Amino acid sequence: TREADLWHVVGLLARKSGAAPAAATAAAVADRLASADGYELRYRLIQAAAVLITHGPARESIARLLGARDDAPVLRHVAVAELGMKLANPAALPLLLGATTDPDPGVREAAVSALADASYSEEAEPVLALALATDSWPLVRAAAAAALAGRCPRPAAADALYEAVAKETNDA
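Thresholds applied
Residues numbered from 1 in each chain as written. Predicted model: local features only at pLDDT ≥ 70, side-chain atom pairs only at ≥ 80, totals over all residues. Heavy atoms only, no water. Helix = DSSP H or I, 4+ residues; strand = E, 2+ residues; numbered from the N terminus. Buried < 20%, exposed > 50% of the residue type's maximum accessible area, 1.4 Å probe, protein only. Contact = heavy atoms within 4.5 Å. Areas by Shrake-Rupley, 256 points an atom, 1.4 Å probe, with all protein chains shown as cover. Salt bridge = Lys/Arg side-chain N within 4 Å of Asp/Glu carboxyl O. Phe/Tyr/Trp six-rings, centres within 6.5 Å; stacked < 30°, edge-to-face > 60°. Core = buried A, V, L, I, M, F, W, Y, C linked by side-chain atoms within 4.5 Å. Axes fitted to C-alpha atoms, helices over the stretch in contact; angles between N-to-C directions. Parallel < 35°, antiparallel > 145°, perpendicular 65-115°, else oblique. Left-handed = near helix turned anticlockwise from the far one by under 90°. Nonpolar A, V, L, I, M, F, W, Y, C, P; charged D, E, K, R; others polar.

Describe in detail the overall build of the protein chain, supporting the description with residues and values.
For the protein chain, the helix and strand inventory stands at 10 helices and 0 strands. Counting helices and strands in the order they occur from the N terminus, the protein chain gives α-α-α-α-α-α-α-α-α-α. Here the protein chain, with 172 residues, has 44% of them falling under the buried criterion. Pairs at least 24 apart in sequence give 59% of the contacts found in the protein chain among residues at least 6 apart. Within the structure as shown, the protein chain displays about 8,600 Å² of accessible surface, and the carbon and sulfur contribution to it stands at 61%.

Please give an account of the pattern of salt bridges that cites residues and values.
Following the criterion strictly, the structure yields 3 salt bridges and no others. The closest approach of N and O atoms between E3 and R32, which form a salt bridge, is 2.6 Å. Here R32 lies in helix α2 (residues 19–35) and E3 lies in helix α1 (residues 2–16), a separation of 29 residues in the sequence. Overall, R32 belongs to the partly exposed group, its relative accessible area being 22%. Between D135 and R108 there is a salt bridge; the shortest N-O distance is 2.7 Å.

Pulling in residues and values, what's your account of the environment of A144?
Looking at where A144 falls in the secondary structure, it is placed in helix α9 (residues 138–149). Residue class for A144 comes out buried when judged on its relative accessible area of 0%. Setting aside anything within four residues of it in sequence, one finds A144 in contact with V112, L128, A131 and L132.

Hey, could you go over the packing of aromatic side chains for me, with residue numbers and the actual values?
In the structure shown here, the tally under the stated rule is 1 aromatic pair. Their ring planes at 40° and their centres at 5.7 Å tell us that Y39 and Y43 sit as a pair that is tilted. One end of the pair, Y39, and the other, Y43, are both in helix α3 (residues 39–51), 4 residues apart, so they sit about a helical turn from each other. Relative accessible area serves as the criterion here: at 44%, Y39 is assigned to the partly exposed category.

Account for the nonpolar core, naming residues and giving values.
Grouped together as the largest cluster of nonpolar side chains are 50 residues, with contacts concentrated most on I46, I62, V80 and L83. The leading source of residues in this core is α3, at 6 residues. Dropping the residues within four chain positions of it, L83 is found in contact with A50, I53, I62, L66, A92, L95 and L96.

Requested: an account of the packing of α3 against helix α4 (residues 56–67), with residues and values cited.
Helix packing for two helices is described by the angle between their axes and how far apart those axes are. For the pair α3 and α4, interaxial distance at closest approach is 9 Å and the crossing angle is 130°. Between α3 and α4, the angle falls in the class oblique. Crossing of α3 over α4 shows left-handed handedness. Here α3 contributes R42, I46, A49 and A50 to the contact with α4, which in turn contributes A58, S61, I62 and L65. Here the contact of α3 with α4 is composed, by residue class, of 6 nonpolar, 1 polar and 1 charged.

Now, about the packing of α4 against helix α5 (residues 73–84): what can you tell me, with residues and values included?
Here α4 crosses α5 at 135°, and the two axes come no closer than 9 Å. Overall, the two elements α4 and α5 adopt an arrangement that is oblique. Judged by the sense of rotation from one axis to the other, the crossing of α4 with α5 is left-handed. On α5, the residues that touch I62, L65 and L66 of α4 are L75, R76, A79, V80 and L83. For the contact of α4 with α5, the class distribution of residues is 7 nonpolar, no polar and 1 charged.

Shown next, in the form of structure tokens:
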């Protein structure tokens, strides 16, 4: 829709604006997302909010979306994927960590993949190890293994991979 296209442009422009315009834009995006109907409009607003994640209203609107586990999983996946593209943004970290327990495996996989960024290592490693050891979805476990594999010089990562391989071998 035309409105969705306009919000998409707003998000792109916000990326290049200063702090004050970005804060006002984040508030406008969050307000509109709260009442938006329709997939395309919500998709574009989520993209804009992810760009503006360092601003409270945008972060809160993404947190509400991710917390509404009964909402469309595809929109939660969009939010997590967009957050994952904001490499190593500290404002995204708590949201990505929380998304690793989403009921939808696609959302969990996107969150685990986003946490593969090495700058998230301290906070992410225990969550990645838990996903590898306990997640019921094979693609989530594979994403966790791939994320941990990039950290093998760290003892905790190597131990988690070793335990997962040993468990799979014993279960076979």
